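# Observations on chain architecture
Here is how the chains run, residue by residue.
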Amino acid sequence: MSTLFEEVPASFGDDVPVRRVTLTVNGEQRAADVEPRLLLAHLLRNGFRLTGTHTGCDTTNCGACTVLYDGVPVKSCTMFAVQADGHDIGTVEGLATASELHPIQEGFKDEHGLQCGFCTPGMMLAAKALLDENPNPSEDEIRWALSGNLCRCTGYQNIVKAVMWAADKLGGAASDGDDGSADGAVSDADGEG
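What this report covers is the structure whose coordinates are included nearby. (Residues numbered from 1 in each chain as written. Predicted model: local features only at pLDDT ≥ 70, side-chain atom pairs only at ≥ 80, totals over all residues. Heavy atoms only, no water.)

### Brief notes about the nonpolar core
Formed by 23 residues in total, the largest nonpolar core has its most connected members in I104, F108, M123, L146 and V163. Only α2 (103-110), α3 (120-133) and α5 (157-174) provide two or more residues apiece to this core. With 8 residues, α3 is the largest single contributor of residues to this core. Core analysis: the next-biggest nonpolar cluster, separate from the first, contains 19 residues, V21, L43, V67 and V82 among them. (Core = buried A, V, L, I, M, F, W, Y, C linked by side-chain atoms within 4.5 Å. Buried < 20%, exposed > 50% of the residue type's maximum accessible area, 1.4 Å probe, protein only. Helix = DSSP H or I, 4+ residues; strand = E, 2+ residues; numbered from the N terminus.)

If you want it as structure tokens, here you go:
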């Protein structure tokens, strides 16, 4: 269990109201005693030390704080931690396994979809939500899904290419070749169907 009020001056006594929240973060159940006005971004960063959730604007403009709330991308800088009680939260730290990167992370690396990296966690989670819902998005659909995330370093082209790369890799792993691939082995498998 975490508490975020260890540094509150003793003169405040017990007047600071707290509420116990329990949420699942990256597949692990976590609990914390939080002040009801604590933002989810601050619980993740300061309480759980998941610093991949960045705060850039506190107004939902930049999207750097994007996390997955029951699989849906939300901006955690304007969501209270108590609203996440009982829900599943995904952060960028939950994408990779101990031994390999998630295809979205690989795509950002291989297609040079990041520069300073500040916006990258939010972009990756917005992309994951898109690919979970639509494994074969068009470039326009990718741009629309990422439109709530701002990047101050790039022209977005490599970010879009990174998501397309990840979609191809994920689709290749999940697809039986029914998307018209020109690969000979896939064509043989298609003929048997």
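Now, onward.
### Observations regarding the packing of α2 against α3
Taken N-terminus to C-terminus, the directions of α2 and α3 make an angle of 125°; their axes are 10 Å apart at the nearest point. In terms of orientation, α2 and α3 fall into the oblique class. With respect to the hand of their crossing, α2 and α3 are arranged in right-handed fashion. Along its contact with α2, which presents I104, Q105 and F108, the element α3 presents T120, M123, M124, A127, K128 and L131. A class-by-class count of the residues in the contact of α2 with α3 yields 6 nonpolar, 2 polar and 1 charged. (Axes fitted to C-alpha atoms, helices over the stretch in contact; angles between N-to-C directions. Parallel < 35°, antiparallel > 145°, perpendicular 65-115°, else oblique. Left-handed = near helix turned anticlockwise from the far one by under 90°. Contact = heavy atoms within 4.5 Å. Nonpolar A, V, L, I, M, F, W, Y, C, P; charged D, E, K, R; others polar.)

### Points about the pairing of strand β5 (residues 72-75)
Bridge analysis of strand β4 (residues 66-69) against β5 gives 4 bridges, and the strand direction is antiparallel. Following the sheet pairing, L68 is matched in β5 by P73. Adjacent in sequence and paired antiparallel, β4 and β5 are bridged by 2 residues, among which D70 carries a positive phi angle near 55°. (Pairing = 2+ DSSP bridges.)

### Quick notes on α3
The end-to-end C-alpha distance of α3 is 20 Å, a good match for the 20 Å that 14 residues give at a rise of 1.5 Å each. Of all 14 residues in α3, 11 are buried, a share of seventy percent or more. Residues T120, P121, G122, M123, M124, L125, A126, A127, A129, L130 and L131 constitute the buried set of α3. (Expected span 1.5 Å × (residues − 1).)

### Section: the packing of aromatic side chains
Within a pair of aromatic rings, the relevant descriptors are the distance that separates the centres and the angle that separates the planes. Tallying each qualifying case throughout the model produces 0 aromatic pairs. In this structure, R30 packs its charged tip against the face of F48, placed 4.2 Å from the ring centre. (Phe/Tyr/Trp six-rings, centres within 6.5 Å; stacked < 30°, edge-to-face > 60°. Lys NZ or Arg CZ within 6 Å of the ring centre and 35° of its normal.)

### A look at the environment of T60
The residue T60 is located in the loop between α1 (40-47) and β4 in this model. You can call T60 partly exposed: its relative accessible area is 31%. The spacing of T60 and K75 is 15 residues in sequence and 6.0 Å in space, taken between C-alpha atoms. In contact with T60, not counting residues within four places along its chain, are K75, C77 and T78.

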